[in-house]
Amino acid sequence: MTTTEHMSNEETSSPGTGDVVLEVRDLSVTFPSDDGPLPAVREVSYVLRRGEALGIVGESGSGKSVTSMAIMGLLPKNARVEGSAKVLGQEVVGLDDAEISKVRGNRIAMIFQDPLTSLNPVYTVGYQIAEAVLAHHKVGKKAAMARALELLELVDIPNPAQRLKQYPHELSGGMRQRVVIAIAMANEPDVIIADEPTTALDVTVQAQVLEALESARKETGAALVLITHDLGVVAGHVDRVGVMYGGRLVETGPVEEVFYRPRMPYALGLLGSLPRLDEDRNERLTPILGTPPSLLTLPGGCAFAPRCPMARDLCHEQEPSLLATAENGERVRVPVEDTGAHTAACHFSEELEGAQPTDLFRGTAVGAETTDTGGTADTGGTAESVAESEERAEQAERALARADGSGDTADGSGREAILTVRDLVKHFPIRSKGLLKRRIGEVQAVSGISLDLYEHETLALVGESGCGKSTTARLMLQLIRQTSGEVEYRGQPLHSMSQRQLRPLRRDLQLVFQDPFASLDPRMTVSDIVAEPLRIHGRRNGEAKKRVRELLELVGLNVEHGSRYPHEFSGGQRQRIGVARALALNPKVLILDEPVSALDVSIQAGVINLLEDLQDDLGLSYLFVSHDLSVVKHIADRVAVMYLGKIVETGTTEELFRAPAHPYTQALISAIPLPDPVKERTRERIVVTGDVPSPADPPSGCRFRTRCPKFADELSESERVKCVEEPPELVDRGTGHPDACHYSRAVELI
Amino acid sequence: MSEKKAPVAPRSADAESVGGAERTQFQMIVSRFLRHRAAMISLAVLVVIVLFTFVGPLLWRWDHTVHLEVPPSVPPNPDHPLGTTTAGHDVLGQLMRGTQQTLKVAFTVSVLGTVIGSLWGATAGYYGGRVDGLMMRVVDVFLIVPLLVMVAAIAGNVRGGTTWYAVALIISFFAWAQIARVVRGVVLSLREQEYVEAARASGASPGWIIVRHLLPNAAGPIIVAATLLIAVAILLEAGMSFLQFGIQPPDISLGQMISDARTAVSTRPWLFYPPGLMLLAICLTINFIGDGLRDALDPRQSMVRR
Amino acid sequence: MLVYTVRRVLGTIPILILASVLTFVLIDVSGDPLTQLRMQQPPPDPSVIELQEERLYLDRSMPERYWLWVTGIGGHGDIGLLQGEFGPSTQSNSYDIGAQLAERLGVTLRLVGAAMLLALGLAILAGVVSAMRQYSKIDYTLTFIGFLALSMPVFWFGGIMQHAGVSFNDLVGEQVFATIGDGLYQAQGEDLWGRITNALAYMTLPTIVLMLTSFASWSRYQRTAMLEVLNSDYVRLAKAKGLPNRVVVRRHALRTALIPLTTVVAVGIAGVIDGTVLTEQVFQWRGLGEFFVNAIETNDSYALMAWLLLSGVTVILANLVADLLYGVLDPRIRYE
């Protein structure tokens, strides 16, 4: 499909308005707020041709969703929308309800982010799809239901006839999103806007849903606007990309152009700050400094200038417009209809010719840090080079040590494990709702897990939601008690200790949370938050104060910020506060529960770098819990993959990603979208079907067999019996590392 | 690629600017409350009413009892701005005393009900599970009880007359359930907050968590509920007195004044309207203040946009 | 659904038992039915008191009395809920609590039914209008009316309405509104039209008074629920399908926003019962409210218990019905 659509791009690049299905011109959206007007979208223009797929990429608050809501006329009444949006030549901005209702769902349809809340809980799935048909076609109820059935088949829902009569709560998230796609497809619209359609889903389900979207689109020939923050998703599924920042489009062009030859420092920076599955682990990430601008106080010139390493006076004074660079290096305006053009809103975009993210953001990073932290950076300038060379030497040593270490851990001898887990089991009771709260079943969250965490290493625990990884993390800290099994810290049996006995040991074992908004008490100042563990362990006030200053400095925060409250900080800064709190008692082990998954990409990189540095400086051991294999590949020394409460494969990061042996690991790696258009479209994939079964009633034998592609396609009837009857052990089956599959075979995927 | 370089001291990788106003939370709450115009006006009116009832009797020559010098059944005049009753009470004196009694009852109920309700709700929410189930079932029973009927039945059944504190006690006994429900809900959700888990991971005791985290964060909803409970208590007390089961003569309360003046709406309106308007004014101001507090203390509003 | 229904119905049994215990203990402990007799001057003969004590079963211990009150086993045949007897009255030997309750129930139900239906209808309307026109003049007006109604002492408002009715009658020179009594006696022997005009004359004012508080709290609730649903993702999706606004509001927003209202109304019954007592007192209806006030004034413990139990059962049944209705309306509950 890549080639054909790319060809159609070339053909249509000569302006001809006949096949334009969506034309947006100078669209601006302003919301009134207590602190003045909030310009969420500013002068966005683009066209979309028949059958084309356009990706809109941006971080939270960039205005990418608001733009599409404005086109659909779904913004709240107090929003002021200016400019024009034409669907098939018909203006839709400012239409009254009756008029826009004829366009919505008929010519242009939309898919929303959260499938769990997108469907009305009190109507059946069939009714809600048929309703979409009936809204635009005068057909009977029966005919509409028949069409609904057809649509469910189109989006690949198993047992469609039965699903029609079910209510949304009886369907999994992935299924529900397919239903939403079916609703969008109901009237064969010309344009579909998908607003973060897979963000709320697990990666393996994301792959399925994107496939369903793709096939449905092929069927109806609809053009697609795919809004997402995930560069990988964009790379694989669209022809053209628009990058949004601070409410504006700052770069547009064919997807290969933007990904391989970005012309706007922001796009370049985004690519550089992304941990990648297809790159080596010791490549340090290059974060973009600062945070996305507040729309209330947009800077005068280029919105990105305050974070841009190549910003000059001009950038702070004059906002650049979206221009293309001509053959002769001149910056020229191109008509919006010229969809083949590569445009960027940067005064100096020609300087980015052939630039790598590291070139631009690495050098300036140090400079900016120097100016930012003031006193602490007195060592800058000349001293820096010395520090740097020392750093290098140290680095090499560490790399060596790490290589040794991983060699040792592979065969389980040598270094001593600091934290060990043996046959850990945790069942949560399911209780009835009545007065008696009878036990009516149990969720087998963790079913027999053994792990070793060695000193100064990062062990990643990976899996999709509900696999028990967070429960395992909390069991290791004894924040919840196990049903059975053992947890030992340096030979001391944590599992049999009382809370009182555990107290002194808690100093050594600390936790960093996923959600930087929920993990800090909103009623305490930053200093109090960071000092809390010290106070709990009875440190004197003066001592605690001194330590807090140290800690804030350590995680890269301004010491003066200690008297402020959490809500005054951005997500990345809050996460740093959380890290500082965890470090307060000089722990030996940090358990990191999805520490970066709630953060924007450009912020995420900074926190990852911080964690890596802290580990090196303080000699910490990390248990890194995550669903994101790209981040894991970047940060971890060893990886354990979990599925439904069990570890299915474990090994060094290198082994596991080079030669994954368990079908689930393979599927997981396949499902991670690569932020590289060519690689993403040509890579080999191992796809799983369906959703994760309920942990209250896991399948017999191998728990993965119900979704296993090997079980479904490769194995013979007699071979399958073993999968059904015998739970596979976690042992090395000749691939060099342990896996839990009776028929495992290493496959190279990246 | 040995690019992995870690500058030792300056590690502020993202020099994220601290956004938002540099105000403390308390200041923000106050400023949000000040912006709620209805609540501000109400607060002013309520202050005037409180002064009128507690300071007024010290300045006014007539109290709420019968005086021989007070001419019976006189319409409002300079000597008796609100007129007099047939028995020879000065209505202004009665109004001050009645309002005073009403407010004393209402504030006592609010304090007692909030204390009982908070303790009950916090215990249920903190322990959860079966304890929670049983405790909340009791709350359910209290919630569906017709309050006025219940307090009237008890107060009317009790031997001898009832004083204002007896009335307050009886109302408190039945009116704490709403508070318990609010507090339990808040504590239940706070208990699951990650910052509470972080404290536990550092080895904090349950007492530490309750004092340092749960109470400060539950304070907002508790204050709002306690405020609204005042209005509920006022109407309950007035209803009881109207049915003659509340504060007994010779003491006076607003409900009793209305009850006495019931048949005289057209003939002696000065007896009927003042106590009713006073009740209405107090309840209305308290409801608006509660609304303003809710706006100011609502945790969802204290979160900045992500 | 059947399992759900059976479970809910069985679930009310312990609550009913609890309610009966609570009612009994509270009334029994808080007062003495013979207060007035004992206070009489000159003091009555001890044998008179003894006789009354025996008649009212005061010579037995409290647990015994409770058992007797519920089952009637070992009594004089005038007690025992399970036998349909509510116990002896202090008011007179012939005062039959059960018969009195039955007679007055009809009177009160008429008022309560009319007020609740009216309150519900108006509350939904006001809530929807308020939510649809959030922050408009009409929203602010309705909000203020809501606050006003919530702060209004029912009996005072009743007095005003009564006065207004009288003034109106004087103005038109005709008896349009009846302001005293329930009008049942006057309706006897009338034809259908006569009954209707009679009911309108007698019921209009008390109904308005009684519905006020319920209307206020329900309309506030409905507004909040409506706003929440209007901002929900599924309403957005319904609009994105191309459904016109009024269809979205009716089919998706209102339909789901009404579900939680069932519970709110059921819990609100308690408030209606309170209001009924006050309203009947103001308009001098011979309904359950008057029965209740009489019972307290005469220290009639068994009458009071019967009344409280009746209102308790009403509230519990209302909540049961709401629960079942919830199950019908919300498929998520149904299959739990």
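All values derive from a computational prediction rather than experimental measurement.

### A few points about the domain arrangement of chain C
Residues and elements named next belong to chain C.
And step 1. Along its sequence, chain C is carved into domain 1 (2-86) and domain 2 (100-299 + 315-329).
And step 2. Placing a centre on the C-alpha atoms of domain 1 and another on those of domain 2 gives a separation of 34 Å.
And step 3. Listed by partner, the interface residues are 13 residues for domain 1 and 6 residues for domain 2.
And step 4. When residues of the side of domain 1 that touches domain 2 are traced back to their parent elements, those giving at least two are α1 (2-30) and α2 (35-39).
And step 5. Top element by residues in the side of domain 1 that touches domain 2 is α1. It accounts for 8 residues.
And step 6. The residue inventory of the side of domain 1 that touches domain 2, partitioned by class, reads 6 nonpolar, 5 polar and 2 charged.

### As for the nonpolar core
And step 1. Ranked by internal contacts, the top residues of the largest apolar core, which has 386 residues, are I129(A), V191(A), L623(A), V151(B), I171(B) and A233(B).
And step 2. Looking at which element gives the most residues to this core, the answer is helix α10 (residues 206-242) of chain B, with 19 residues.
And step 3. Residue contacts for I171(B): discarding those within four places in its chain leaves V105(B), V109(B), V151(B), A233(B), L236(B) and E237(B).

### As for the UniProt feature "transmembrane region" (unreviewed entry) in chain C
All names here are of chain C.
And step 1. Feature annotation in UniProt places "transmembrane region" (unreviewed entry) on residues 9-27, 111-129, 141-161, 199-218, 253-273 and 304-329, given in this structure's numbering.
And step 2. Note that residues 111-129 is 100% helix and 0% strand, and that its end C-alpha atoms are spaced 27 Å apart.
And step 3. Measuring from the first to the last C-alpha atom of residues 141-161 gives 21 Å, for a span that is 90% helix and 0% strand.

### Notes on the packing of helix α5 (residues 125-136) of chain A against helix α6 (residues 141-154) of chain A
All names here are of chain A.
And step 1. Here α5 crosses α6 at 110°, and the two axes come no closer than 8 Å. Between α5 and α6, the angle falls in the class roughly perpendicular. Viewed along their axes, α5 and α6 form a crossing whose handedness is right-handed. Taking contact as the criterion, the partners of G126, I129, A130, V133 and L134 in α5 are, on α6, K141, A144, M145, R147, A148 and L151.

### A closer look at the interface of chain B and chain C
And step 1. If you look at the interface, chain B gives 34 residues, while chain C gives 37 residues.
And step 2. Per-class residue counts for the side of chain B that touches chain C are 26 nonpolar, 6 polar and 2 charged.

### Some remarks on the environment of Y743(A)
And step 1. Within the fold, Y743(A) resides in the segment after β25 (738-739).
And step 2. Under the C-beta neighbour-count criterion, Y743(A) is labelled partly exposed, with 19 such atoms within 10 Å.

### Observations concerning the sheet that holds strand β5 (residues 90-91) of chain A
Residue and element names in this part refer to chain A.
And step 1. Spatially, 4 strands are ordered β2-β1-β4-β5 in an open sheet, and the strand pairing comes out antiparallel. In the strand order of this sheet, the two ends are held by β2 (38-49) and β5, each with one partner.
And step 2. Pairing analysis gives 8 bridges linking strand β1 (residues 20-31) to β2, with the strands arranged antiparallel. Opposite V24, over in β2, you have Y46 as the bridge partner.

### Digging into the environment of T67(A)
All names here are of chain A.
And step 1. Mapped onto the secondary structure, T67 falls in helix α2 (residues 64-72).
And step 2. Its 29 C-beta neighbours within 10 Å are what place T67 among the buried residues.
And step 3. For the pair formed by T67 and V81, sequence separation is 14 residues and the distance between their alpha carbons is 9.6 Å.
And step 4. Every residue in contact with T67, bar those within four places of it in the chain, is listed here: L27, V41 and V44.

### Considering unusual backbone geometry
And step 1. In this structure, D156(A) is a non-glycine residue whose phi angle is positive, near 70°.
And step 2. Residues other than glycine seldom take positive phi values, yet Q244(B) does so here, at roughly 75°.
And step 3. We classify Q244(B) as partly exposed; it has 19 C-beta atoms within 10 Å.

What counts, and at which threshold
- Residue numbers restart at each chain and count upward from 1, following the sequence in its written direction.
- Think of it this way: whatever chain is written first is A, whatever ligand is written first is 1, and the rest follow in order.
- In keeping with the predicted nature of the model, local features appear solely for residues at pLDDT of at least 70, side-chain atom pairs appear and are counted solely at 80 or more, and the whole-chain, interface and lining totals rest on all residues.
- Throughout the structure description, domain borders are defined by an automatic or database domain assignment.
- Here the contact rule is simple: place C-beta atoms from the backbone, and any two residues whose C-beta atoms are within 7 Å are in contact.
- Every helix listed is a DSSP run of H or I at least four residues long, and every strand listed is a run of E at least two residues long, numbered separately from the N terminus.
- Residue polarity is assigned by list, with Asp, Glu, Lys and Arg as charged and Ala, Val, Leu, Ile, Met, Phe, Trp, Tyr, Cys and Pro as nonpolar; anything else, Gly included, falls into the polar class.
- Each nonpolar core comprises buried Ala, Val, Leu, Ile, Met, Phe, Trp, Tyr and Cys residues, the members being joined through C-beta atoms within 7 Å.
- Counting other C-beta atoms within 10 Å of a residue's C-beta gives its exposure: the residue is buried at 20 or more, exposed at 12 or fewer, and partly exposed in between, where C-beta atoms are placed from the backbone.
- UniProt positions are given in the numbering used here, feature names are shortened, and annotations may be inferred rather than shown by experiment.
- Lines fitted to the C-alpha atoms define the axes, with helices restricted to the stretch that makes contact. Angles between their N-to-C directions range from 0 to 180 degrees.
- Convention used here: angles under 35 degrees read as roughly parallel, angles over 145 as roughly antiparallel, angles from 65 to 115 as roughly perpendicular, and any remaining angle as oblique.
- Should the near helix be turned anticlockwise from the far one by less than a right angle, the crossing is left-handed, and should it be turned clockwise, the crossing is right-handed.
- Here, any two strands with at least 2 DSSP bridges between them count as paired.

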